[in-house]
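# What the coordinates show
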Amino acid sequence: MKTLKKIKQINWSVVTIAVTIVISMSIISMVFSDNNSYSSSKVEQNSTDNDSEVGGCGCGNNSTVNSKDLEYKKATVENNYQIVEIEVQSSSFGAIIVQKDIPVKFNLKVKQNILNGCNNAIIIPKFNIEKDLKEGNNVVEFTPSETGEFQYSCWMRMLKSYIVVVDDINNIDESIYKIIN
Ligand SMILES: [Cu+2]
């Protein structure tokens, strides 16, 4: 009798252990499959971002920008270079117009408490420029050798703006490009 009772007790604890193992394994597999679906959906999201150049960095302004809708700061030609300055905004960069074949000094002025995780660096693919921005003056230099509209943006390609290069800065068609200086 005593032995039987002992066996029954052992069986019971074996069942308890087995049930515990099954429950914990299903919890583990649930968590694991959750992680998987999370990461795969994240990957999908990222690839969509790359394809359309639209994403979820939280910059606020992630739509396509039409170069003709922007307001442009026109460069001032000095002796051997041209200079143009914009003031960086928390969710936008100003557009500029410069003249072909004259070295450009493009100053991105940053006021206090304007920089965030999004606008704290710019890329100008056409001129191979990547620059971290800091408070104060941030001068990037390049020499445009062809006319055209060249997009530049925050480092994550979210906040988009344009650098327009023209043949003659003193002869801009203002019905196409709105000049603000
Ligand atoms: Cu950004």
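Quick note: structure is the one above.
A brief look at the structure comes next.

Rules used throughout
- Residues numbered from 1 in each chain as written.
- Predicted model: local features only at pLDDT ≥ 70, side-chain atom pairs only at ≥ 80, totals over all residues.
- Helix = DSSP H or I, 4+ residues; strand = E, 2+ residues; numbered from the N terminus.
- Buried ≥ 20, exposed ≤ 12 C-beta atoms within 10 Å, placed from the backbone.
- Contact = placed C-beta atoms within 7 Å.
- Core = buried A, V, L, I, M, F, W, Y, C linked by C-beta atoms within 7 Å.
- Pairing = 2+ DSSP bridges.

Our focus in this paragraph is the overall build of the protein chain. Helix and strand content of the protein chain: 1 helix and 11 strands. Burial analysis of the protein chain (181 residues in total) assigns 19% to the buried set. Sequence-distant contacts in the protein chain: of pairs separated by 6 or more residues, those separated by 24 or more amount to 59%.

With that out of the way, let us pick up the pairing of strand β4 (residues 95–99). Within β4, 5 of the 5 residues are buried, leaving the element largely enclosed by the surrounding structure. Here β4 shows a buried face lined by A95, I97 and Q99 and a second buried face lined by I96 and V98.

Along the chain, V65 falls in the loop between α1 (2–52) and β1 (71–74). Along the primary structure V65 and Q151 are separated by 86 residues, whereas in three dimensions their C-alpha atoms are 9.2 Å apart. Among residues more than four places away in sequence, those in contact with V65 are L70, K160 and S161.

Okay, the nonpolar core next. Within the largest apolar cluster, 24 residues are counted, with the highest numbers of intra-cluster contacts made by I96, I97, V98, I163 and V164. Among the elements of the structure, β4, β5 (104–109), β9 (148–154) and β10 (160–166) are those that each provide at least two residues to this core. Setting aside residues no more than four positions away along its own chain, I163 makes contact with I96, V98, I124, F150 and Y152.

In terms of burial, β10 is a largely internal element, 7 of the 7 residues being buried. Burial along β10 is two-sided: K160, Y162, V164 and V166 facing one way and S161, I163 and V165 facing the other are all buried. Sheet analysis places β4 next to β10, joined by 4 bridges and oriented parallel. Residue Q99 lies in a different strand from β10, and its bridge partner there is V166. Here β9 folds back onto β10, and the loop between the two strands holds 5 residues, one of which, R157, carries a positive phi near 60°.

Ordered in space as β7-β6-β9-β10-β4-β1-β11, the 7 strands form an open sheet in which the pairing is mixed. What marks the edges here is a single partner per strand, and that holds for β7 (129–132) and β11 (178–179). For β1 and β4, the ladder comprises 3 bridges, and the chain directions are parallel. By the bridge assignment, Y72 is partnered in β4 with A95.

Moving on: the environment of V98. As for its placement among the helices and strands, V98 is situated in strand β4. For V98, a count of 27 C-beta atoms within 10 Å puts it in the buried group. Sequence separation of V98 and V164 is 66 residues, and the distance between their C-alpha atoms is 6.3 Å. Once residues lying within four places of it in the same chain are set aside, the contact partners of V98 are A75, Q82, V84, V104, P144, I163, V165 and I169.

Attention now goes to the sheet that holds strand β3 (residues 82–87). The 4 strands lie next to each other as β2-β3-β5-β8, forming an open sheet whose pairing is mixed. Each end of this open sheet is capped by a strand with a single partner; those strands are β2 (76–77) and β8 (139–142). The pairing of β2 with β3 spans 2 bridges and is classified as antiparallel. Bridge pairing links V77 to Q82 in β3.

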